[in-house]
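Survey of secondary and tertiary structure
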Amino acid sequence: MTDDAAATDAATAPTDYSAQAPAMDAAASGDIVDLASGSPDHSTLVTAVQAAGLVDTLKGAGPFTVFAPTNAAFDKLPAGTVDGLLEPAAKDDLSGVLTYHVVSGNVDAAALTQQIEAGGGSATLTTVQGGTLTARADGGTVTLTDAKGNTSTVTTADLRGSNGVIHVIDTVLMP
């Protein structure tokens, strides 16, 4: 097997990161909001989605691909950032940050890997917010780089809801 073939196999092989990072219950049913709401490790994200008024949107037909930061990811932000974004006056800013974590369509791990391969090692994803994320794969690990140069790792992939797919990430992405 060539190095490229081995890298492709590693990148497309189903990977269970659930032992490494807290994740949503993949056996849960419902839409992507229901999945996130059922996860104690995503309570900050759910609170933020509610504060931004995005619940009905994300319960819509979709499909949506959501890169869902854990509570620990939000905890990495500078002190006061989350509280500031949850203020009613910051609703537009909060909405921008949250929709920067959403891509239209059903971009599961296999599709994302194909996009990365087709892009020669990286793929540019356009978010619902209008910005871009750069996805890369290395040894079966997918990372996303945001507009500010911050990198987040996908810790759990392909949690499927009725209106899309969720990939759990370890760092909040910023537009």
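Our structure is the block above this text.
The present account deals with the structure reproduced in this document. Residue positions are given per chain, counting from 1 as you read along its sequence in written order. With the structure being a predicted model, the display of local features is reserved for residues of pLDDT at least 70 and the display and counting of side-chain atom pairs for 80 or more, all residues being used for whole-chain, interface and lining totals. With hydrogens and water stripped out, all remaining heavy atoms of the structure feed into the side-chain values.

Digging into the pattern of salt bridges
Salt bridge, as used here: a side-chain nitrogen of Lys or Arg that lies within 4 Å of a carboxyl oxygen of Asp or Glu. Applying the stated criterion to the full structure yields 4 salt bridges. Arg160 serves as the salt-bridge partner of Asp108, at 3.2 Å between the closest nitrogen and oxygen. Highlighted residues: Asp108 in the loop between strand E2 (102–104) and helix H8 (109–118) and Arg160 in strand E6 (residues 151–161), separated in sequence by 52 residues. Three exposure classes are used, based on accessible area relative to the maximum for each residue type with a 1.4 Å probe and protein chains only: buried under 20%, partly exposed in between, and exposed over 50%. Given the relative accessible area of 18%, Asp108 is considered buried. Via salt bridges that share partners, Asp31, Asp34 and Lys59 belong to a single interconnected network. Helix and strand definitions follow DSSP, with helices as H or I runs of at least four residues and strands as E runs of at least two, each counted in order from the N terminus.

Some remarks on the sheet that holds strand E3 (residues 122–126)
Strand pairing follows a simple DSSP-based rule, namely that at least 2 bridges must link the two strands. Read from one edge to the other, the open sheet built from 7 strands follows the order E2-E1-E7-E6-E5-E4-E3, with strand pairing classed as mixed. Both edges of this open sheet fall to E2 and E3, since each of them pairs with a single strand only. Within the sheet, the average angular offset between the axes of one strand and its neighbour, ignoring direction, is 30°. Sheet topology places strand E1 (residues 64–69) next to strand E7 (residues 164–169); 6 bridges connect them, and they run parallel. Each bridged residue has a counterpart across the sheet, and for Val66 the counterpart in E7 is Ile166. Note on contacts: a residue pair qualifies if any of its non-hydrogen atoms lie within 4.5 Å across the two residues. Every angle, taken between N-to-C directions, lies between 0 and 180 degrees, and every axis is a line fitted to C-alpha atoms, over only the stretch in contact when it is a helix. Along the sheet, H8 makes contact with E3, strand E4 (132–138), strand E5 (141–145), E6 and E7, crossing E3 at roughly 120°.

As for unusual backbone geometry
The phi angle of most residues is negative, glycine excepted, and most peptide bonds adopt the trans form. In this chain, Gly62 is followed by Pro63 through a cis amide linkage whose omega measures 5°. With a phi angle near 60°, Asp158 is a residue other than glycine that sits in the positive phi range. Mapping Asp158 onto the fold places it in strand E6. Since its relative accessible area comes to 25%, Asp158 is described here as partly exposed.

Describing the side chain of His101
Mapped onto the elements, His101 comes out in the loop between helix H7 (91–99) and E2. Dropping the residues within four chain positions of it, His101 is found in contact with Thr65, Val66, Phe67, Pro69, Ile169, Val172 and Leu173.

Observations concerning the packing of helix H3 (residues 43–51) against H7
When two helices pack together, their arrangement is given by the angle between their axes and by how far apart the axes lie. For the pair H3 and H7, interaxial distance at closest approach is 9 Å and the crossing angle is 130°. On the basis of the axis angle, H3 is oblique to H7. Like other packed secondary-structure pairs, H3 and H7 cross with a definite hand, here left-handed. For the pair formed by H3 and H7, the contact residues are Leu45, Ala48, Val49 and Ala51 on the first element and Lys91, Leu94 and Leu98 on the second. When residues are sorted by character, Ala, Val, Leu, Ile, Met, Phe, Trp, Tyr, Cys and Pro go into the nonpolar class, Asp, Glu, Lys and Arg into the charged class, and all the rest, Gly among them, into the polar class. When its residues are assigned to classes, the contact of H3 with H7 shows 6 nonpolar, no polar and 1 charged. Note that the term roughly parallel is reserved for angles under 35 degrees, roughly antiparallel for angles over 145, roughly perpendicular for angles of 65 to 115, and oblique for everything else. Handedness of a crossing is defined here by the sense of rotation of the near helix relative to the far one, left-handed for an anticlockwise turn of less than a right angle and right-handed for a clockwise turn.

Things to note about H8
Restricting attention to buried positions, one finds in H8 the residues Leu112, Thr113 and Ile116. Buried residues in H8, looked at end-on, bunch into an arc of 100°, giving them a common side. Exposed side of H8, more than 90 degrees from the buried face: Gln114 and Ala118 are the residues found there. Each direction from the helix axis to a C-beta atom contributes to the arc, which is the arc of those directions.

Concerning the environment of Leu85
Within the secondary structure layout, Leu85 lies in helix H6 (residues 81–85). Judged by relative accessible area, which is 16%, Leu85 ranks as buried. Considering only alpha carbons, one finds Leu85 and Ser95, 10 residues apart in sequence, at a separation of 9.1 Å. Beyond its immediate stretch of four places on either side in the chain, Leu85 contacts Ala90, Asp93 and Leu94.

Overview of the nonpolar core
By convention a nonpolar core is built from buried Ala, Val, Leu, Ile, Met, Phe, Trp, Tyr and Cys residues, the set being connected through side-chain atoms within 4.5 Å. Leu58, Val66, Leu98, Ile166 and Val172 are the most contacted members of the largest nonpolar core, which has 25 residues in total. If you look at the next biggest cluster of nonpolar residues, it comprises 15 residues, including Phe67, Tyr100, Val142 and Ile169.

The quantities given are spatial measurements derived from coordinates; they are silent on function.
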